[in-house]
Structures are given as structure tokens and as C-alpha cells.
Amino acid sequence: MGEERSTVTIYVMGKAYEVPASLTIMKAMEYIGYRFVRGAGCRAGFCGACATLYRKKGSYKLEAALACQKVVEDGMYIATIPFAPAEKRTYDINKLRPTPNVLLEYYPEIARCLSCNTCTKACPQDLQVMDYVQAAIRGDIEEVARLSFDCLSCGLCAMRCPAEIVPYNVAQLARRLYAKYLAKTSEHLMRRLKEIEEGKFDEELKRLKGLSREELKELYDKREIRV
Amino acid sequence: MRFAYYPGCTLKTTARNYEDSALASARALGMELLELPRWNCCGTVHALAKDDVMHYLAPIRVLVRVEDMNREGILEGNYRLVTLCAMCYNTLKRANGVVKEDPDRMRKLHDIMEREQPYEGKVEVLHLLELLREMGFEKVAERVERPLRGLRVAPYYGCLLLRPRGFGIDNPDSPRVMEDLIRALGGEVVEFPYRARCCGSYHTVERKDIVAEAAYKILSQAREMGAEIVALACPLCSFNLSERQDEVEREFPGFRKIPVVYFTQLMALAFGLGEDVCGLDQNHVDPRPLLRSKSLI
């Protein structure tokens, strides 16, 4: 570490605080004394509850991150977004069909996309958000589902989009359509489930349950590893 | 020969027959059209305002992807981008022309696109018809297996392939590229004065009557000059001149429907690539009875 400062200054609600430099935004705010009753969930970068906007002192650039993942930097002005006021349309997935225009029908504002790419730059998951919005415009449901698979629905793309599109909700509809109508059913899974139901593995499981810890260990060490 | 290829949104949905027949025909001529691995909408309509920057983002981004293909080694020093949709062609080509001439606008675009790969201005936007002309129509003729003998075809250009001057693929007053192609395919060309008249474009959404009237004038004149079928290169023109024939029939008694196809469908047919590739079942006014009567399918 040497001469590196062990604390940094961050601004929460415009007020300056000295916090340890190694903390995430979320932990730094708790260090200051904030208690999260909203805008915090898994604390592991998976749930998307802690969407946060920040700007560094002296920079015009508005940045986006998950508070539980982003480590504080000196001069950060922080605003948490505990709830994204984003439009979410109501539909009955059983009554929809995966037609080229269905996404446009429920989210017509996607046609306002100018390809500015602000959404992509806001995404804490590094998804190609603009690319999937564009795929949504041309009705490529499978591509939207593929490109948005790792979306956490944190809402930051929607908060930054100048065309007021709600990319993550469009993507959710696309993934639902994909799963229901386009994804291939996995026959081997159905076969295996049937085998389980018919009790094919009952006897072996029973045998394993009766083994001692040592016997299990030995069995584990000798297991066949197929690559 | 490999080329970067930009399909555009419509070719992936309602104009599949255009794309399928074009890609197959190009392949038959030894051209491989490689779809851009990433692409967005072309921007649809060229922005005319001098201070407009935002509407240039979409087309410029598409051009950056062509340079990306070269950077990634998919293409080697080939910056030519082939288009099919007349609207995509027009929007991409004009945006490309504007930013190359206007460093100020280019700089503003790069400011907005910050942290991204800037556009180096290397791309040349082409329409497939230009590539065919460059290759030579005698070469195209050599590939013909089933000449369109006895088929009287009226080529229709509409606006966006020809105008404005300097951006069009041919002389806007007397174009001949599609005429030359049809002759090379063994068909009979029917020239008609309305071949470069506007189809009514986006009026089709709110003012069907305007489009119906335009379609009536264009198509009945083609018919009068002896055409049996119309060939074109734009999905929107195709919609207005095909689907809107239902309205034309209602509003103009005596109007006789006429099939409208993409020039690439005729090309695939003449190359003997099979009916499936042509997607003739997707054309609103069925061209198959006519083509059957000429023993072309």
C-alpha cells in the first residue's frame, strides 16, 4: 500500500464523508451510518436491487454501477436508485405468440431508439443492451433472449435511456416468449425425469445413504471423471 | 469474393423472400455476402437538418461495424458494404457522405460515442445492383440456366435508389441498371414513365388513400405499356405496390392486379436456384400463375 491513502472522500446526498478506500459503495454507506431497508438484496451482484448512479468530482460523466459491487473512489457523488420507476406492461404469456411485432406491440417506444448506446454504457453486467433493443425492433426474439440472458433487471438502462425505453422489461418479455415458444424442449431431461419417477435410482440412493462417511469419501475419490 | 452485407430490419421479417433470393443469387455468381455480426437499424430516413447529429448515430454505427469486420480479420482490406433495401442503402450512403464531408459533425458524433471505436471513414456503401453492373451483365447472363423468355417485366425504381443525384445508383432521369439486368436474365423490358415515381412511402400508415392512388397510377401505367409483372428493390415500395392493390381494386373499378416481385427473385429463378429460394409464396399478389403460364416454374 505504501503511500496510498487508506481512506477516500465520497459524497452521499451531497455531504462529504471519509470512508475506507477498500469498501464497496454499499458497505461505505453502512460505514457512514446508513441502514438499507430497500435497495439492497443479495449483496453479491446477482439480484440487481442496488442500482446506483455516481459522478466523479470534476467530471461531466454520469456513471452507473451496483452499490454492492463497485468499490468507492475518491470524489464520488453517489445517488442510489432503490426503485426504478419503469413501465411494465401486463400480458398473458399464454395468449401471446412469438411474432415479429409482439415486442413492438407491448413496448412501442422501442422504435424510438436512436442507437446512442447509453444503455449499454450504463449496464453493470456489461450486456450489449442497445444491440438487444435493436434486435427487439426487428422482432428477433431469440437474439434478445440470448443477449439479455445475464440481465439482473436493476433498471439502470431504463433510467439512462434518452428515448425512455425500458430495455430490461422488453428483454424479460422476449425471454418469456423464447422459453415458452421458441426454445427446444429437452427430450433427454423429460426421459430422465420419467426414470426418476419410475424409481430407477431409488435403490442406489438407498445404498449411498447407508454408507459411512469413510466409505463415501473413498467412493468419491475413486469416481470416474469424464471430460 | 466476400463482402460485408447489411440486411436491415425488414429483410429479416416481412421481406425474407428478398434476402433469401438475393443471398442465393449472389452466391451463384461467386459473391459471398457476409452479414455484419452486429448491426442496428440504419436510421430509416436520412436526416436533412444541418444541425442534426443524433440521427446519424445509427447509420454511422453500422459503418463502424464494417471497419470492425476488417479489424477482426473477417474481411481483409475490404470496406465495401452491400445493401439490398433501397431505404437502408439511401440512409447509410447519405449519412456516410455527410460525415466524410463534415468533420465538425463527425467530431460531435465521436463525442457522443465516447469510449467507443470511432468511425475512420473508410466504408463505401453499395447496392447489390451496382455490384452486378460492376461485374458485368454479360457475366450474369452466362450464369442463366432458365431465361425469363417471353416475360414482360417493368422495372420500378421508386425514389431512394436514384435520388438525390450523386447518391443514386444510376441516372435518375433515365436509369438502366435494372433494365440491363432483366435483359441479361432473358426477360423482356417494359419501360414506363412512372418507374421513378414515389410509391407514397410512409403515407401507407395513416393515409392509405394516397398510396392507393399512387399505386394505381404506377401499376396501371405499367400494365398499359404491356407489363405482366413489376420488379423492384425496396420492401416499402413492395408493400405499397403489392398489399395496397387490395385498396386499389376497391377504389378503382376495372383495375387488374399485377404481380410485384423483387429483382432478386427473378434472378434466382433465371439461375435455376429453385422455387423455394425465391419465396414466391410470400408475394402478396401471387406471381406463380403467370410464371407457370410462361413455363418458368
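Because the structure is predicted, anything quoted here is derived from the model rather than measured. (Residues numbered from 1 in each chain as written. Chains lettered and ligands numbered in written order. Predicted model: local features only at pLDDT ≥ 70, side-chain atom pairs only at ≥ 80, totals over all residues.)

**Regarding the overall build of chain B**
Of regular secondary structure, chain B possesses 14 helices and eight strands. With 297 residues in all, chain B has 47% of them scored as buried. Summarising the internal contacts of chain B: among those between residues at least 6 apart in sequence, 78% fall at separations of at least 24. (Helix = DSSP H or I, 4+ residues; strand = E, 2+ residues; numbered from the N terminus. Buried ≥ 20, exposed ≤ 12 C-beta atoms within 10 Å, placed from the backbone. Contact = placed C-beta atoms within 7 Å.)

**Looking at the interface of chain A and chain B**
Each partner contributes residues to the interface: chain A has 13 residues there, and chain B has 15 residues. At four residues, the largest contribution of residues to the side of chain A that touches chain B is made by helix α4 (residues 129–137) of chain A. Partitioned by chemical class, the residues of the side of chain A that touches chain B number five nonpolar, four polar and four charged. (Nonpolar A, V, L, I, M, F, W, Y, C, P; charged D, E, K, R; others polar.)

**Section: the packing of α4 of chain A against helix α7 (residues 167–182) of chain A**
Residue and element names in this part refer to chain A. Between α4 and α7, the shortest axis-to-axis distance is 10 Å and the interhelical angle comes to 55 degrees. Classified by the interaxial angle, the pair formed by α4 and α7 is oblique. Between α4 and α7 lies a crossing whose hand is left-handed. On the side of α4, the interface is formed by V129, Y132, V133 and A136, while α7 contributes P167, V170, A171 and A174. Residue composition of the contact of α4 with α7, grouped by class: eight nonpolar, no polar and no charged. (Axes fitted to C-alpha atoms, helices over the stretch in contact; angles between N-to-C directions. Parallel < 35°, antiparallel > 145°, perpendicular 65-115°, else oblique. Left-handed = near helix turned anticlockwise from the far one by under 90°.)

**So, the packing of helix α2 (residues 57–71) of chain B against helix α3 (residues 86–101) of chain B**
Residue and element names in this part refer to chain B. Running from N to C, α2 and α3 cross one another at 90 degrees; their axes reach a closest spacing of 9 Å. The angle between the axes of α2 and α3 places the two elements in the roughly perpendicular class. Residue-level inspection shows P59, I60, V62 and L63 of α2 in contact with α3, the latter providing T91, L92, A95, N96 and V99.

**Here we look at the domain arrangement of chain B**
All names here are of chain B. By domain assignment, chain B separates into domain 1 (2–128) and domain 2 (145–293). If you average the C-alpha positions of domain 1 and of domain 2, the two centres end up 25 Å apart. Each partner contributes residues to the interface: domain 1 has 22 residues there, and domain 2 has 23 residues. Listing elements by their share of the side of domain 1 that touches domain 2, those giving two or more residues are α1 (16–28) and α3. It is α1 that contributes the most residues to the side of domain 1 that touches domain 2, nine residues altogether. Among the residues forming the side of domain 1 that touches domain 2, the class breakdown is 10 nonpolar, eight polar and four charged. (Domains from an automatic or database assignment.)

**Side note on the nonpolar core**
Among the nonpolar cores identified, the biggest contains 148 residues, and V133 and A174 of chain A together with L181, V230, A231, L232 and L266 of chain B are the most heavily contacted of them. Dropping the residues within four chain positions of it, L266 of chain B is found in contact with L148, V153, L185, G187, A231 and V261 of chain B. (Core = buried A, V, L, I, M, F, W, Y, C linked by C-beta atoms within 7 Å.)

**A look at the sheet that holds strand β7 (residues 229–232) of chain B**
Residues and elements named next belong to chain B. With parallel pairing, the four strands of this open sheet are ordered in space as β6-β5-β7-β8. In this open sheet, the two edge strands, each paired with only one partner strand, are β6 (188–189) and β8 (260–262). Where β7 lies against β8, three bridges are found, and the strand directions are parallel. By the bridge assignment for β8, L232 is matched with Y262. Together, β5 (152–155), β7 and β8 form the strand contacts of helix α12 (residues 263–270), whose direction differs from that of β8 by roughly 75 degrees. (Pairing = 2+ DSSP bridges.)

**Focus: the sheet that holds strand β1 (residues 2–6) of chain B**
All names here are of chain B. One open sheet accounts for four strands, arranged β2-β1-β3-β4; its pairing is parallel. Strand pairing shows two members of the sheet lacking a second neighbour, β2 (32–35) and β4 (124–127), which therefore form its edges. This sheet shows a mean twist of 45 degrees between the axes of neighbouring strands, independent of strand direction. Pairing of strand β3 (residues 80–83) with β4 involves four bridges; the strand directions are parallel. Bridging from a neighbouring strand, L81 pairs with V125 of β4. Here α3 sits on the sheet and contacts β1, β3 and β4; the angle it forms with β4, its principal contact strand, is near 155 degrees.

**Concerning the environment of P193 of chain B**
Mapped onto the fold, P193 of chain B is located in the loop between β6 and α8 (203–206). With 174 residues separating them in the primary sequence, P193 of chain B and E19 of chain B have C-alpha atoms 28 Å apart.

**Topic: the domain arrangement of chain A**
When cut into domains, chain A gives domain 1 (7–80), domain 2 (102–182) and domain 3 (197–221). The distance between the C-alpha centroids of domain 2 of chain A and domain 3 of chain A comes to 46 Å.

**Side note on the environment of R35 of chain A**
Within the secondary structure layout, R35 of chain A lies in the loop between α1 (25–32) and β3 (51–56). When the C-alpha positions of R35 of chain A and K56 of chain A are compared, they lie 24 Å apart, and in sequence the two are 21 residues distant.

**Quick look at unusual backbone geometry**
A cis geometry characterises the amide bond from R163 of chain B onward to P164 of chain B, with omega recorded as -5 degrees. Located in the positive-phi region is M13 of chain A, a residue other than glycine, with phi close to 55 degrees. Tracing the chain through its elements places M13 of chain A in the loop between β1 (7–12) and β2 (15–20). A residue is classified by how many C-beta atoms lie within 10 Å of it, and M13 of chain A, with 9 of them, is exposed. Of note in this structure, S201 of chain B is not a glycine but carries a positive phi near 45 degrees. With respect to the helices and strands, the residue S201 of chain B is situated in the loop between β6 and α8. On the basis of neighbour count, S201 of chain B is assigned to the partly exposed category, with 19 C-beta atoms found within 10 Å.

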